[in-house]
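These are the residues of each chain, in order.
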Amino acid sequence: MINLDERYHSYLNNPNKGLTIDGVREPVTGYGWHCDGDEIVGYYVNTRNYKLYYNTNEQFIKMEPHGTTN
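Parameters and conventions
Residues numbered from 1 in each chain as written. Predicted model: local features only at pLDDT ≥ 70, side-chain atom pairs only at ≥ 80, totals over all residues. Heavy atoms only, no water. Pairing = 2+ DSSP bridges. Helix = DSSP H or I, 4+ residues; strand = E, 2+ residues; numbered from the N terminus. pLDDT = per-residue confidence, 0-100. Patch = residues over 30% accessible without salt bridge, like charges linked within 9 Å, V, L, I, M, F, W, Y side chains within 5 Å. Areas by Shrake-Rupley, 256 points an atom, 1.4 Å probe, with all protein chains shown as cover. Salt bridge = Lys/Arg side-chain N within 4 Å of Asp/Glu carboxyl O. Contact = heavy atoms within 4.5 Å. Polar contact = N/O pair within 3.5 Å; in protein donor to acceptor, adjacent residues only side chain to side chain.

**Here we look at the pairing of strand E3 (residues 28-35)**
Summarising the sheet, E3 and strand E4 (residues 40-47) pair through seven bridges and their orientation is antiparallel. Residue pairing across strands places Gly30 opposite Asn46, the latter belonging to E4. What sits between the antiparallel neighbours E3 and E4 is a turn of four residues, in which Gly37 has the positive phi angle 105 degrees.

If you want it as structure tokens, here you go:
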């Protein structure tokens, strides 16, 4: 299993770290696991403006602007 704390925790309290999305630095505001109702299928990373989804193989799945749901 991926250690999300090891990977993303340092982003939470460091204003100089962030993810670059379309050339803009997006501070990370949170992260966690997501499931399909039965099992963990991946994880998400929240930034100021987006929620990014990855599968358990660390492959990017989709990106949603905050305020949308699918």
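**As for the confidence of the model for the protein**
Mean pLDDT over the protein stands at 92; residues scoring 70 or higher make up 96%. Mean pLDDT across the elements of the protein bottoms out in helix H1 (residues 4-12) (93) and peaks in strand E5 (residues 50-55) (97).

**Re a nonpolar patch on the surface**
Together, Met1, Trp33 and Ile40 line one region of the surface with nonpolar side chains, adding up to about 340 Å² of accessible area. One can find Met1 in the segment before H1.

**Describing the environment of Arg48**
Note on placement: Arg48 falls in the loop between E4 and E5. Considered as a pair, Arg48 and Gln59 are eleven residues apart in the sequence and their alpha carbons are 21 Å apart. The residues contacting Arg48, other than those within four sequence positions of it, are Glu26, Pro27, Thr29 and His66.

**Observations concerning the side chain of Glu64**
Mapped onto the fold, Glu64 is located in strand E6 (residues 60-65). Side-chain polar atoms of Glu64 contact the side chain of Lys62, separated by 3.3 Å.

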